[in-house]
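Understanding the architecture of this molecule
Below are the chains, spelled out letter by letter.
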Amino acid sequence: MKVGLLYSRIRRDEKLLLSELRERDHEIEKIDVRKQRFNISEAPEAFDDLDIVVDRCLATSRSVYATKFVEAYDVPVVNGPDVAEVCADKVKNSLALVEAGVPTPNTDVAFTKDAALESIEEFGYPCVLKPVVGSWGRLMAKIDSRSAAEAILEHKETLGHYEHKIFYVQEFVDKPGRDIRVLAVDGDPIAAMVRSSDHWLTNAAKGAETDTFELDDRALELVEQASDAVGGGLLGIDLMEVGVSQTDTQDASGDEPREPEDYTVHEVNHTVEFKALNEVSDVDVPSEVVDWLETKAQQGSEVTA
């Protein structure tokens, strides 16, 4: 198998993936999107004879456009541009989840500061303001008062970029000090972990502690539904437990922790990082990912045969 890797920086995640591919004697074409030129009618030499391309671009814009070109060159790509567009934009992400019947936090989108303030007041305090495009928990705000809301909205309104004029206001979910990250391929979970923190943001990139998590039947159902909602692929699906407190999820007394009443899916990620998951899980995550890539490449060759 000859694998193309779209990238702008080789992080620990990409190194794990490359190492597994090399151990299996797969040929690798590393394609630095910062240097590569994409022609609208003729595929660059780097794409010759590729069986599959894996998108690992850091920047959302590069990811969406580069994968559009790869698709136009008739090379199978994961994840494809349609999936990238839905997952990279929180508005499209939320709409896709709702349309598929997947429980997700209630959200308003407003285009002016005054309209956004009305949404915030209606949700009540606290609520959450997020950028429509962004990752690693950056530029997210938990709003606890009207004065804080007014200040944050004014700052966003003066930042200049049009995306800051799209106010994505979301209900605050009182999660039990943690959320759940599931790495899945076409809705089939590879591994899952909890990310715990005293801070309201529980991203691993923000320093949250990580541990393994056993998915129950309801979580498995939602992972599959959320994956289907955005178009499938190699995805990171983030869930929060509903109806349990932080003490309910702890079992220091030796008792079994209380089960959640349900889950809510707050996000699906398309260029998912998995190094933290690989460190805490008994599963060899890169090996499982490459197993799936081999299957996808084989399916692609059967289609074009």
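Refer to the structure above for everything that follows.
About the thresholds
Residues numbered from 1 in each chain as written. Predicted model: local features only at pLDDT ≥ 70, side-chain atom pairs only at ≥ 80, totals over all residues. Heavy atoms only, no water. Pairing = 2+ DSSP bridges. Helix = DSSP H or I, 4+ residues; strand = E, 2+ residues; numbered from the N terminus. Buried < 20%, exposed > 50% of the residue type's maximum accessible area, 1.4 Å probe, protein only. Contact = heavy atoms within 4.5 Å.

With respect to the pairing of strand E10 (residues 188-196)
Both strand E9 (residues 178-185) and E10 contribute to a ladder of 8 bridges, which runs antiparallel. Each residue of the ladder has a partner; that of Val185, found in E10, is Asp188.

A look at helix H3 (residues 81-88)
Most of H3 sits out of view: 6 of its 8 residues are buried. Every buried residue of H3 is listed here: Pro81, Val83, Ala84, Val86, Cys87 and Ala88. Those residues of H3 hidden inside the fold are in contact with helix H2 (60-72), strand E4 (77-78), helix H4 (90-99), helix H7 (217-230), strand E12 (234-242) and strand E13 (262-269).

Topic: the environment of Val98
With respect to the secondary-structure elements, Val98 resides in helix H4. The class for Val98 is exposed, based on a relative accessible area of 53%. When the C-alpha atoms of Val98 and Ala226 are compared, they prove to be 9.6 Å apart, with 128 residues separating the residues in sequence.

Observations regarding the sheet that holds strand E3 (residues 52-55)
Pairing within the open sheet is parallel, and its 4 strands lie in the order E2-E1-E3-E4. Edge positions in the open sheet fall to strand E2 (27-32) and E4, since each of these has one partner strand only. Inspection of the sheet shows strand E1 (residues 2-7) paired to E2 by 6 bridges, in the parallel sense. By the bridge assignment, Gly4 is partnered in E2 with Glu29.

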